[in-house]
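Next come the chains, spelled out residue by residue.
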Amino acid sequence: MLLITLIALVTLALAALALVRSVDTNIIVAGNVSLKQAATLTADNGVESAIAWLNQIEVAPGIEHFNNDDADDAYYATSDDFDPLNDATWNGGVTVAVATGTGIDGGRDLSGNRIRYVIQRLCSEAGEPDVNNCLIVEGESDTSSMRVMDDPPPSEPPLSPIYRITARVDGPRNTVSYVQAFVY
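Keep in mind it's a predicted model, so treat the numbers as computed, not measured. (Residues numbered from 1 in each chain as written. Predicted model: local features only at pLDDT ≥ 70, side-chain atom pairs only at ≥ 80, totals over all residues. Heavy atoms only, no water.)

Things to note about the pairing of strand β3 (residues 114-121)
Here comes step 1: Buried residues dominate β3, accounting for seven of its eight residues.
Here comes step 2: Pairing of strand β1 (residues 75-76) with β3, which is carried by two bridges, proceeds in the parallel orientation. Residue Y75 lies in a different strand from β3, and its bridge partner there is I119.
Here comes step 3: Of the pairings in the sheet, the one linking strand β2 (residues 97-98) to β3 comprises two bridges and is antiparallel in character. Paired with A97 across the strands is Y117, a residue of β3.
Here comes step 4: As paired elements, β3 and strand β6 (residues 163-171) share eight bridges and run antiparallel to each other. Within the sheet, the bridge partner assigned to R116 lies in β6 and is R168. (Buried < 20%, exposed > 50% of the residue type's maximum accessible area, 1.4 Å probe, protein only. Helix = DSSP H or I, 4+ residues; strand = E, 2+ residues; numbered from the N terminus. Pairing = 2+ DSSP bridges.)

Looking at the side chain of T42
Here comes step 1: As for its position among the elements, T42 is in helix α1 (residues 2-58).
Here comes step 2: When its relative accessible area of 9% is taken as the criterion, T42 is described as buried.
Here comes step 3: A polar contact of 2.7 Å, which involves the side chain of T42, links it to the backbone oxygen of A38. (Polar contact = N/O pair within 3.5 Å; in protein donor to acceptor, adjacent residues only side chain to side chain.)

Details of the confidence of the model for the protein
Regions with low pLDDT carry predicted coordinates that are not meant to be interpreted in detail.
Here comes step 1: In the predicted model, the protein carries a mean pLDDT of 83, and the fraction of residues at 70 or more is 85%.
Here comes step 2: Contacts from residues 143-149, a stretch scored under 50 in pLDDT, to residues over four places away or in other chains number seven contacts. (pLDDT = per-residue confidence, 0-100. Contact = heavy atoms within 4.5 Å.)

This is the structure in structure tokens:
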């Protein structure tokens, strides 16, 4: 009887150990999923920072509208130079910009997520965009300079190139999230 009791006790101890390990693993997985979701949500700040930069430049007087690279501001006039989802891009491959905004200091939010972005015009070559070398949308972007209501409408609809914004967030526990947005 004592032998059967000892075998039952060892079996129960092993089952309890397996249950504890399973619960620990589930808690770690849930924590990692939570960090990944938080990093993905935070990436929106990078996209919004890039859109704010595009808006600021587009309405500034005397600025050529994005025909050439502005690497200091992480803007590239062509999309062929690099892959924005490659780690080498973010680790010194090209110049990237850091997000700005409420609760963000030096590209880091209050949770310690590092938010960076890069903007690429979807063209195969720098210079004036046209339908032969760029992905073009017919119509003005929301940020285009406004015309006075008394002015006659343009004879041809304006063409606007498409811009790809890629935001990357590096968070706690080596969490990495990418978000891409296409704007015109």
